Amino acid sequence: MNTPVLVIENLTAGYGTTAIVHDVNVTLQEREIAVIVGPNGAGKSTLLKAVFGLNNCFSGDILYRGSSILKTGTANLVPMGISAVPQSGNVFPSLSVTENLEIGTYARAPKNKAHTMARILSLFPDLKDKLKQDAGELSGGQRQMLAIARALMSEPQLLLLDEPTAGLSPAFLEIIFDLILEIRSTGLSILMVEQNARQALRIADTGYVLVNGENAYTGSGTELLANDEVRRSFLGGQARLKSKQSDSDSP
Ligand SMILES: Nc1ncnc2c1ncn2[C@@H]1O[C@H](COP(=O)(O)OP(=O)(O)OP(=O)(O)O)[C@@H](O)[C@H]1O
Ligand SMILES: [Mg+2]
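This write-up is about the structure you can find in this document. (Residues numbered from 1 in each chain as written. Chains lettered and ligands numbered in written order. Predicted model: local features only at pLDDT ≥ 70, side-chain atom pairs only at ≥ 80, totals over all residues. Heavy atoms only, no water.)

## Looking at the packing of aromatic side chains
- One pass over the structure, following the stated rule, counts one aromatic pair.
- Look at Y217 and F234: their rings are 6.1 Å apart centre to centre, the planes differ by 65 degrees, and that puts the pair in the edge-to-face class. Of this pair, Y217 sits in strand β10 (residues 214-220) while F234 sits in helix α10 (residues 228-234), and the two are 17 residues apart along the sequence. (Phe/Tyr/Trp six-rings, centres within 6.5 Å; stacked < 30°, edge-to-face > 60°. Helix = DSSP H or I, 4+ residues; strand = E, 2+ residues; numbered from the N terminus.)

Rendered as structure tokens:
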């Protein structure tokens, strides 16, 4: 098998001297979508921030295309082809849509900025006729699209998304997930944290349930969706009906 785009290997990381994620493993293959789900406070954002060089890693490793990026630093990760959309505060509300997109090119300028912007905007028809508007005037869903579009302006190969559908209506949810699939089809690999776990696992090649900063379940999206314990505890849905025998066995 080819070298994975990203390997998080037995990573323990956190803030200051406090470890939040412990011994975590994640592998993302080329042109795949890996989804991290789990309860609030599980350490999902912390893990994503560790990949983007934003917090302290105490042990383990993070490999991008086979090389450690533990000591690379965020400013150098963007030119290497890694781009991130944080969980919140991911657009500049008092700047126009165009200006927000331009910011996405600062750390790594595309060869032809106008061409890149046109190509990216073709994925985001909602933004196309709002280029001069302030980002603060956009709807929540449009702001989320802008944040993703901005991240794409540096022409990344690996995209890190922290809860891209947070606070969005079900209609927008579907639009964003379709968009993520479309972005993947342009050749990107995507590591995504999602609160809407069921929908996210449907588009995931691999899924990771993180609990108390540790890997609790790992499998393909399909496997995790079919796992009774995962369904019962983390997907907010009904577990598959079990036989009376196994019910009486459960605690
Ligand atoms: N900047 C920080 N400094 C210290 N501790 C932090 C910091 N950010 C988060 N934490 C702590 O790390 C733990 C995990 O937080 P994290 O934001 O990674 O969880 P999460 O799984 O992303 O949760 P959510 O689903 O609410 O986004 C929490 O206990 C949180 O209080
Ligand atoms: Mg989070």
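## Quick look at the side chain of S96
- Examined against the element boundaries, S96 turns out to sit in the loop between β6 (82-85) and α3 (97-103).
- Accessibility expressed as a relative area gives 11% for S96, which makes it buried.
- The contact partners of S96, leaving out residues within four places of it in the chain, are L131, K132, Q133, D134 and A135. (Buried < 20%, exposed > 50% of the residue type's maximum accessible area, 1.4 Å probe, protein only. Contact = heavy atoms within 4.5 Å.)

## Here's the deal with the site of ligand 1
- As a matter of local geometry, ligand 1 sits amid 13 residues, with G41, G43, K44, S45 and T46 nearest to it.
- Separating an oxygen atom of ligand 1 from a backbone N or O atom of G43 is a distance of 3.0 Å.
- At 2.7 Å, a side-chain N or O of K44 approaches an oxygen atom of ligand 1.
- In the complex, 59% of the free accessible area of ligand 1, which totals 630 Å², lies under the protein chains.
- It is helix α1 (residues 44-51) that contributes the most residues to the shell around ligand 1, three residues altogether.
- Here the residues of the shell around ligand 1 are counted per class, giving four nonpolar, seven polar and two charged. (Near = heavy atom within 4 Å. Polar contact = N/O pair within 3.5 Å; in protein donor to acceptor, adjacent residues only side chain to side chain. Areas by Shrake-Rupley, 256 points an atom, 1.4 Å probe, with all protein chains shown as cover. Nonpolar A, V, L, I, M, F, W, Y, C, P; charged D, E, K, R; others polar.)

## Side note on the nonpolar core
- Within the largest apolar cluster, 46 residues are counted, with the highest numbers of intra-cluster contacts made by F124, I148, L152, L159, I180, I183 and M192.
- In contact with L159, other than residues within four places in its own chain, are S83, I148, A151, L152, I183, L188, S189, I190 and L191.
- By size, the runner-up hydrophobic cluster in this structure holds 29 residues, among which are L6, L11, L28 and L210. (Core = buried A, V, L, I, M, F, W, Y, C linked by side-chain atoms within 4.5 Å.)

## Here we look at the coordination of the magnesium ion (ligand 2)
- Note on the magnesium ion (ligand 2): its protein donors are S45 (OG) and Q87 (OE1). The metal-donor distances range over 2.0 to 2.2 Å. Highlighted residues: S45 in helix α1 and Q87 in the loop between β6 and α3, separated in sequence by 42 residues.
- When its relative accessible area of 36% is taken as the criterion, Q87 is described as partly exposed. (Donors = N, O, S within 2.8 Å, 3.2 Å for Na, K, Ca; no water.)

## Considering the layout of surface pockets
- In this structure, the largest pocket spans a volume of roughly 490 Å³.
- Taken together, 25 residues make up the lining of the largest pocket; nearest its centre are F52, A84, V85, P86 and R150.
- Every element with two or more residues in the lining of the largest pocket is listed here: α1, β6, α6 (140-152) and β7 (158-162). (1 Å grid on protein atoms, 1.4 Å probe; cavity = no way out; pocket = protein on both sides within 12 Å on 5 of 7 lines; lining within 4 Å. Points joined across faces, edges and corners; volume = space filled by probe spheres on them.)

## What about α6?
- Between its first and last C-alpha, α6 extends 19 Å over 13 residues, near the 18 Å set by a 1.5 Å rise per residue.
- Among the 13 residues of α6, eleven are classified as buried, and the element is accordingly described as predominantly covered.
- The complete set of buried residues in α6 reads G141, Q142, Q144, M145, L146, A147, I148, A149, R150, A151 and L152.
- The secondary structure elements touched by the buried residues of α6 are β6, α3, α4 (113-121), α5 (125-128), β7 and α7 (170-185). (Expected span 1.5 Å × (residues − 1).)

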